[in-house]
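# Summary of the model geometry
One-letter residues, chain by chain:
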Amino acid sequence: MNARSFIIQGLILFIALVFSIRLFSIQVIDDDYKLAAQNNILQKIVDYPFRGLIYDRDGDLLVYNTPVYDLMIVPKEVDLEDSTAIMELLEIDHATFEAKYDKARRYSSILSSKFVEQIPNEDFARIQDQLVKYSGFYPLPRTVRGYEKSILANTLGYIAEVSRSEINRDTTNYYKGGDYIGKVGIEKQYEDKLRGKRGVRYKIVNVQGVVKGEFKDGEYDTASVPGQSIQLTIDSELQAYAEKLLAGKVGSLVAIDPKTGDILAMVSAPSYDPNQLSGRNLSEFGPSIMNDSLKPLFNRPLQAMYPPGSMFKTIQALIAMQENKLSPTEKIICDGSLIGDHAPPGIYDVERAIQLSSNNYFYKVFKRVIEQGDHDSRYIDARIGMEKWNDYISRFGLGNRLGVDIPNEQSGYIPDIQFYDRVYGTNRWAFSNIYSLSIGQGEVLVTPIQMANLGALLANRGHYYTPHIVKSIDDQGVIEPKLNDVGIDEVHFNSVIDGMQKMAESNFRVPIQDIIVCGKTSTVENPHGMDHSGFMGFAPKENPQIAIAAYVENAGWGARAAAGTASLVIEKYITGEINRPWLEEFVLKGDFLDERQKRELEAMNKAKKLAAQ
Amino acid sequence: MRNDQLIYKIDWIVVLVYFILVFSGWLNIYAADYDPDVNEGILSFSQSSGKQLIWIASSVILIILIMLVDFRFYDSFAYIVYGVFVALLIFVLLLGQEVSGSQSWFQIGSYKLQPSEFTKFATALALAKFLSKSTRKTEDIRSQIIGFALFLVPMLLIIKQGDLGTAMVFGSLVLVMFREGMHPLILIIGIGVALLFLSTLIFSQTILLISIVVLTLLGIGLAAKTPSKIAVVVLAGIVAAGFVKSVDFILTDVLKPHQQQRVMQLLNPNRDPLGAGWQVTQSKIAIGSGGLTGKGYLQGTQTKFNFVPDQTTDNIFCTVGEEQGWIGSFLLLAAFTTLLLRLIYLAERQKSPFARIYGYAVVSILFFHFAFNIAMTIGLFPVIGIPLPFFSYGGSSLWTFTILLFIFLKLDAHRMQVLQRL
């Protein structure tokens, strides 16, 4: 054979050898290609869990999940010749389409990203059939919250897509972009119960991402675990009624079952329709609700702080009796000279003083608690007395958070020795500096729920269960409420409660047929406008079923708006109906607002109407 | 009677390897196209495999026709066949269909034909005829120029069509010239130019120019003061420097954008894995995921789910690599190597120079296709888009390779008659 023939044959064998080695290296030695092949064909499909449902105390559904669809886009597969038809189908204009398409393409031309978020079920039904015609678009089912009744918005809270900072804060690394998370309210408090657990399915896909089957028969798939359902202590009928009564007003109302600490109703007014912060409504209505001057997102029962006013007198009487500085039958002459008073001059005991809300009587009673004569210096004496008094007060659940299972509870404020030392200097203050505390004015601040709790501990004559809104959770069953003892002997409550009964009976808006209501009104001085109207109480007197606190801002006398509202709620809860239509009409139509608030409320109502349309 | 004789004279080893390749190619075309959701059989005409069966059947008819034609026809009509196909190449430039950037197709009904494919055997015939004339010496520079011209003409016409891959195939005929006595320096210079071209893409011009100057000075030193050698070295240095300077022009004006991309991709495979590098990346993934024994027939996921483009045609080897693994790939390499070495053996035993040279042309063309097709799928060469002989889907290519091969088998079967005739 020709020598050059051998060269050519050698070349052929050499190439075959090079190929064999190269193939051996990428097929047998290098594992990277096997991994890459798997990544190519595997699509991880997140199986979003159903969020736990929320029921009221009777098992009526309050919050459920409603399907929405994120429309996903894979820009590479989109035929832009269809864009006009797609724009019509999705009802978006050209500029929006371009912007969304560019955004998706900047992210990735072959990976999917959200094109239109949270298309409601009814809209989706309309476009579903058309959608299959256009390549590059596919729907991803999600769920958002739906609400059976338009109540309890502030307490329920809302969910929204998890923010970057929330993902960073999450130490368990659960959250991924696009997940929903409870932002406020119960949705936030019980997030880890409600959210459930994401599942993952691995699908084999072709190059277009079309699913071709299960990966290894689903061996690596995990099913999503639905969230725990939660039963609230809320009586939704009562809640709806209370919200109706407070509609158009600024204020709050809290009703508690004193036997358990169950929160039966909790109203923050003004409020909003929870559906307005669900799904794609959130971006539409969210900003206007958040920026509203009347702060509908401000959960007043837990966050609003007022001076307690006359409600505080019940506490002052109890502390004085427990300290043996006051006997329930002791007659004290009050001439109205110590402090301004609406009660007439005369002879007072505990019962009468509570009934008529005598400021001068409680000035004297509080003086006895503060000035116990333990030290010659009246300054040091006041310190000792103040310390004892603070000790009692904190056991009434004031000055600290009660520990309600709803986020953002405020603690209120009870001034103490340190506070007065800061203001006046150590040993430079005495009773004369702090006497306004005796009638619940001055630096003292409480929240409506703390006052409702006061009603509950008065009803229970010395103990209370920490107020709570969740009755049971699927996996934990009924949650045992925490019992707290106030440290006041039961006997001391008799005269206070009798006084509250008398006070309630003397107010024509409070008494309910066949039910003995015990209550205390409070007119909270408001330097910025009309006084706030407040009421705290419970009913019936024997075997109490409901404790309540109501505040209506800028409504003047406590005896007017707040007492009437609270009385109607009590009647509704105990009897299940309303036999005093005149009172209901008064409260519903009641003209409690000042001019400024009226104007603001009008504007808000107008916005709400627009939104509803 | 003549046919009976032919059956004994034909080289059955080559025929056997041919049918093994065609049959396994057919099975792999089905596998590459296979969609588990669409339950179509291998014979379905909606599948490439069904259509390929038509091409295979018609190839068998072609084989019979080739065998029936007098063997002297190919020698006698070589120039005419060549002339006809070169004319077709010119026609297609004027009248042809443009398919993905290449104007190289004739549309006949629903079938498309690519004259450039058939030009391969026409050129092989013409080159064999020209070089086989005993009056010519391949060492003679005039003969060399005409020899080169015979395949450079169709090559340039095909480049003009925009099909660089097919055009490059004609370059493989240099091997024939080499076998027939061309000075090896031409081969060396050719490879040198290719290497220099690649270097210009990798290194900066400045570094290359400095290197050329250094090498030239070294060459002058080695030339040991012989003026003619010094002159050659200096000339080579100047040409090389000029070439380096003109590569920019070649890159931007000669190569098409997708070809530039593919060259750049080879040099840096991770440069653009989802864009220009997609094909190389995906074909390597498909082959690499096959492992030693492969995923099993029809079990490949990468080709089946269309991750590899052109999977039934240019990238058919991916299906073999993925489903049959290294062992299957090795057997394929072995089959091609056997075929090529057997063809060289046959060529060398020819009594007539025409048959021998034609045999080498067949070897060169098949070898080029085999080497560059597989090299591009395993990422050793830029994607140039040429089919794997006998394996890839497509009528034009299967017919061309069948005609190419069986003309040679026909010539081989009659090798003893050549002497008789003389």
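Residues numbered from 1 in each chain as written. Chains lettered and ligands numbered in written order. Predicted model: local features only at pLDDT ≥ 70, side-chain atom pairs only at ≥ 80, totals over all residues.

## Some remarks on the overall build of chain B
Looking only at helices and strands, one finds 18 helices and 3 strands in chain B. Out of the 422 residues belonging to chain B, those deemed buried represent 44%. A fraction of 67% describes how many contacts in chain B between residues 6 or more apart in sequence connect residues 24 or more apart. (Helix = DSSP H or I, 4+ residues; strand = E, 2+ residues; numbered from the N terminus. Buried ≥ 20, exposed ≤ 12 C-beta atoms within 10 Å, placed from the backbone. Contact = placed C-beta atoms within 7 Å.)

## Here's the deal with the overall build of chain A
In terms of regular secondary structure, chain A is built from 23 helices and 21 strands. Taken across its 613 residues, chain A has 43% of its residues classed as buried. Within chain A, counting contacts between residues at least 6 apart in sequence, those at least 24 apart form 70% of the total.

## Some words on helix 17 (residues 395-413) of chain B
For helix 17 of chain B, with 19 residues, the first-to-last C-alpha span of 26 Å sits near the 27 Å given by 1.5 Å per residue. Burial analysis of helix 17 of chain B places 16 of its 19 residues in the buried class, which makes it a mostly covered element. (Expected span 1.5 Å × (residues − 1).)

## Details of unusual backbone geometry
Trans is the prevailing form of peptide bonds, just as negative phi is the prevailing case for residues other than glycine. All names here are of chain A. Residues Ala 269 and Pro 270 are joined by a peptide bond in cis, for which omega reads 0°. Among the structural elements, Pro 270 can be located in the loop between strand 12 (262-269) and helix 11 (281-290). A positive phi is found at Glu 91, a non-glycine position, where the angle reads about 55°. Locating Glu 91 in the fold gives a position in the loop between helix 3 (83-90) and helix 4 (94-107). Phi is positive for Asn 173, which is not a glycine, with a value near 55°. Judged by the 7 C-beta atoms lying within 10 Å of it, Asn 173 falls in the exposed class.

## As for the environment of B:Val60
Residue and element names in this part refer to chain B. On the secondary structure map, Val 60 appears in helix 3 (residues 48-68). Given 12 C-beta atoms within a 10 Å radius, Val 60 is considered exposed. For the pair formed by Val 60 and Trp 399, sequence separation is 339 residues and the distance between their alpha carbons is 9.5 Å.

## Observations concerning the pairing of strand 16 (residues 470-473) of chain A
Residue and element names in this part refer to chain A. Pairing between strand 10 (residues 230-232) and strand 16: 3 bridges, direction antiparallel. Directly across from Ile 230, in strand 16, lies its bridge partner Ile 473. Two strands pair when backbone bridges link them, and strand 16 and strand 17 (residues 477-478) are joined in this way by 2 bridges, in the antiparallel orientation. Paired with Ser 472 across the two strands is Val 478, which belongs to strand 17. From the end of strand 16 to the start of strand 17, which pair antiparallel, there are 3 residues. (Pairing = 2+ DSSP bridges.)

## Some points on the sheet that holds strand 19 (residues 518-524) of chain A
All names here are of chain A. Taking strand neighbours across the sheet as the criterion, the 5 strands line up as 12-11-21-20-19 in an open arrangement whose pairing is antiparallel. Two strands close off the open sheet at either side, each with one partner strand: strand 12 and strand 19. Neighbour-to-neighbour, the strand axes of this sheet turn through a mean angle of 5°, independent of strand direction. As paired strands, strand 20 (residues 532-539) and strand 21 (residues 546-552) are joined by 7 bridges and run antiparallel to one another. Counterpart to Gly 537 in the pairing with strand 21 is Ile 548. Contacting strand 11 (251-257), strand 20 and strand 21, helix 19 (residues 448-459) crosses the sheet at an angle of about 150° to strand 21. Across the sheet, helix 21 (residues 561-575) is in contact with strand 11, strand 12, strand 19, strand 20 and strand 21; its angle to strand 21 comes to roughly 150°. (Axes fitted to C-alpha atoms, helices over the stretch in contact; angles between N-to-C directions.)

## Comments concerning helix 20 (residues 493-506) of chain A
Residues and elements named next belong to chain A. The end-to-end C-alpha distance of helix 20, which contains 14 residues, comes to 20 Å, matching closely the 20 Å that a straight helix rising 1.5 Å per residue would cover. Regarding helix 20, the residues found buried are Phe 493, Ser 495, Val 496, Ile 497, Gly 499, Met 500, Gln 501, Met 503 and Ala 504. The secondary structure elements touched by the buried residues of helix 20 are helix 13 (312-322), helix 14 (350-356), helix 19, strand 19 and strand 20.

## Some details on the pairing of strand 21 of chain A
Residue and element names in this part refer to chain A. For strand 21, the buried fraction is high: 7 of the 7 residues fall into the buried class. Taking every second residue as pointing to the same face, both faces of strand 21 are buried, with Ile 546, Ile 548, Ala 550 and Val 552 on one and Ala 547, Ala 549 and Tyr 551 on the other. In sequence, strand 20 turns back onto strand 21 through a hairpin of 6 residues, with Asn 543 there showing a positive phi of about 50°.

## A look at the interface of chain A and chain B
Reports of interface size often rely on the accessible area that becomes lost once the parts have come together. Residue-level contacts link 31 residues of chain A with 36 residues of chain B. Broken down by secondary-structure element, the contributors of at least two residues to the side of chain A that touches chain B are helix 1 (3-29), helix 2 (32-41) and strand 8 (199-205) of chain A. In terms of residues, the side of chain A that touches chain B owes the most to one element, helix 1 of chain A, which gives 16 residues. A breakdown of the residues in the side of chain A that touches chain B according to their chemical character gives 19 nonpolar, 7 polar and 5 charged. (Nonpolar A, V, L, I, M, F, W, Y, C, P; charged D, E, K, R; others polar.)

## Remarks on the environment of A:Cys518
All names here are of chain A. When you line up the elements, Cys 518 lands in strand 19. Sequence spacing of Cys 518 and Met 500 is 18 residues, and the spatial spacing of their C-alpha atoms is 4.7 Å. Apart from the residues lying within four places of it in its own chain, the contact partners of Cys 518 are Ile 497, Met 500, Gln 501, Ala 504, Gly 537, Phe 538, Ala 539 and Lys 541.

In short, geometric facts, not functional conclusions.
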